[in-house]
Amino acid sequence: MSWEESKIAKTPVGDGLIMDNQVVSENKKSFWQNDKLLVCGMLSFYGLCIVGLIAGTFLWLGQMNRKISANATSTAQVVATQDANATATAIVRTTEQAKFGFVEKFDSNNQNWLTEKDEDEYAKSNIQVKDGMYIWDIEEVKKTFIYWADFPFNNNMKDFHVYVDTKLIANTPGDVCSGFLFRVAEEDWDKGGYYFSLCNDSTATISYHTQKDGWENITRLFDLGYANEWNRLEIIGKGTNFQFLINGTQAYEMDDDRQELGGLALVIEVNEKVPVKVLFDNFGLQR
């Protein structure tokens with residue numbers, strides 16, 4: 001037996017050492033192959049997840065952008081609608097005013113409305129045409145009172161259609177009213193005249209006055225809901241029939257024949273000893 005043959009013959013085989021080494025090598029090889037597949041599979045899975053997450057994020061952002069855009073478009077449509085309504089209202093107001101023979105916007109006092117800065121037994125007041133409004137600023141009230149400014153021209157009429165915008169600024173609800181005197185006797189208010197006003201407790205009053213009989217309340221309207229806002233008061237007088245409108249809606253209608261002809265005036269009524277401010281604007285008269 002040669003040395004090489006002796007070496008091979010003496011290699012232990014009984015315990016299967018050579019055979020086990022082969023199995024281990026194959027198992028290791030198989031294990032690494034499986035690990036590679038597992039790792040590749042996991043990497044592929046996570047890659048798909050990341051791609052899906054990124055895609056989902058962009059999709060969500062796109063949806064959010066569309067929602068914002070849609071909301072912005074909706075808001076723009078609302079604003080455009082409001083602008084259109086405001087424009088339509090302005091056109092209607094302009095068209096209405098075009099029907100009236102006399103329109104006063106109080107941009108100046110060319111028509112010689114009553115203005116004064118005065119103090120008497122009733123009040124300390126400052127009445128002026130300023131900033132496009134007719135402003136009655138009652139700085140101090142000493143006694144409750146009614147105070148009016150006559151329409152400056154040919155103030156004795158039968159049939160008429162008149163309107164004015166008015167706003168009340170006061171500290172105590174119900175302490176001040178503003179509106180019209182109409183069909184006031186040419187000789188004197190005490191000979192007879194009608195009164196229509198809106199107060200800042202959301203009530204409106206229509207009454208008749210003579211010196212002999214005093215004040216007669218014709219009607220009082222409640223819960224009009226217009227306190228301390230700009231409101232349009234309107235009267236249509238034809239013969240003995242009178243229609244009273246507030247912000248374009250008829251509030252009352254009556255027939256009364258006690259005063260056939262008379263004058264017209266803007267009026268305020270102060271019933272509490274509290275400083276108040278009354279604003280008038282956009283006066284119109286058609287006869």
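For clarity, every value in this text was computed on a predicted model and none was experimentally measured. (Residues numbered from 1 in each chain as written. Predicted model: local features only at pLDDT ≥ 70, side-chain atom pairs only at ≥ 80, totals over all residues. Heavy atoms only, no water.)

1. Considerations on the environment of Ala227
Here is step 1 of the chain: Locating Ala227 in the fold gives a position in the loop between strand E10 (214-221) and strand E11 (231-238).
Here is step 2 of the chain: Apart from the residues within four sequence positions on either side, Ala227 is in contact with Asn200 and Ser202. (Helix = DSSP H or I, 4+ residues; strand = E, 2+ residues; numbered from the N terminus. Contact = heavy atoms within 4.5 Å.)

2. Overview of unusual backbone geometry
Here is step 1 of the chain: For Phe106, which is not glycine, the phi dihedral falls at a positive 60°.
Here is step 2 of the chain: Examined against the element boundaries, Phe106 turns out to sit in the loop between strand E1 (102-104) and strand E2 (116-119).
Here is step 3 of the chain: The residue Ser202 is not glycine, and still its phi comes out positive at about 65°.

3. Here's the deal with the side chain of Asp165
Here is step 1 of the chain: Take Asp165: it is sitting in strand E6 (residues 160-170).
Here is step 2 of the chain: Only 2.8 Å separates the side chain of Asp165 from the side chain of Arg232, close enough to count as a polar contact.
Here is step 3 of the chain: Within the structure, Asp165 has its side chain in polar contact with the side chain of Asn282 (distance 2.9 Å). (Polar contact = N/O pair within 3.5 Å; in protein donor to acceptor, adjacent residues only side chain to side chain.)

4. Quick word on the state of the cysteines
Here is step 1 of the chain: Within the structure shown, the criterion is met by one disulfide.
Here is step 2 of the chain: Each disulfide pairs two cysteine sulfurs, and for Cys177 the partner residue is Cys199, the sulfurs being separated by 1.9 Å. The S-S bond linking Cys177 to Cys199 shows a torsion near 95°; that makes this disulfide right-handed. Here the residue Cys177 occupies a position in strand E7 (residues 176-184), and Cys199 occupies one in strand E8 (residues 193-199), the gap between them amounting to 22 residues. One exposure class covers both Cys177 and Cys199, and it is buried. (Disulfide = S-S within 2.5 Å. Buried < 20%, exposed > 50% of the residue type's maximum accessible area, 1.4 Å probe, protein only.)

5. A few points about the nonpolar core
Here is step 1 of the chain: Tyr134, Phe180, Phe196 and Phe283 are the most contacted members of the largest nonpolar core, which totals 44 residues.
Here is step 2 of the chain: Looking at which element gives the most residues to this core, the answer is strand E15 (residues 276-286), with five residues.
Here is step 3 of the chain: Membership of the second largest hydrophobic core comes to eight residues, among which are Leu181, Val184, Tyr195 and Ala265. (Core = buried A, V, L, I, M, F, W, Y, C linked by side-chain atoms within 4.5 Å.)

6. Digging into the pairing of E11
Here is step 1 of the chain: Most of E11 is tucked away: seven of the eight residues are buried.
Here is step 2 of the chain: The pairing of E6 with E11 spans seven bridges and is antiparallel. When the sheet's bridge partners are listed, Tyr163 is paired in E11 with Glu234.
Here is step 3 of the chain: Summarising the sheet, E11 and strand E12 (residues 241-246) pair through six bridges and their orientation is antiparallel. Across the sheet, residue Gly237 finds its bridge partner in E12, namely Phe242.
Here is step 4 of the chain: What sits between E11 and E12 in their antiparallel hairpin is a turn of two residues, with Gly239 showing a positive phi close to 65°. (Pairing = 2+ DSSP bridges.)

7. Re the packing of aromatic side chains
Here is step 1 of the chain: Under the criterion given, the structure shown has 28 aromatic pairs.
Here is step 2 of the chain: Taking the centre distance of 5.8 Å and the plane angle of 55° together, the rings of Trp113 and Tyr134 count as tilted. Of this pair, Trp113 sits in the loop between E1 and E2 while Tyr134 sits in strand E4 (residues 133-141); the two residues are 21 residues apart in sequence, bridging distant segments of the chain. For the pair Trp113 and Tyr134, one class covers both residues: buried.
Here is step 3 of the chain: Grouped by ring-pair contacts, the aromatic residues Phe102, Phe106, Trp113, Tyr122, Tyr134, Trp136, Phe145, Tyr147, Phe151, Phe153, Phe280 and Phe283 constitute a single cluster.
Here is step 4 of the chain: Across the ring face of Tyr122, the terminal group of Lys143 is positioned such that the distance to the ring centre comes to 5.8 Å.
Here is step 5 of the chain: A cation sits over an aromatic face here: Arg258 above Tyr208, 4.3 Å from the ring centre. (Phe/Tyr/Trp six-rings, centres within 6.5 Å; stacked < 30°, edge-to-face > 60°. Lys NZ or Arg CZ within 6 Å of the ring centre and 35° of its normal.)

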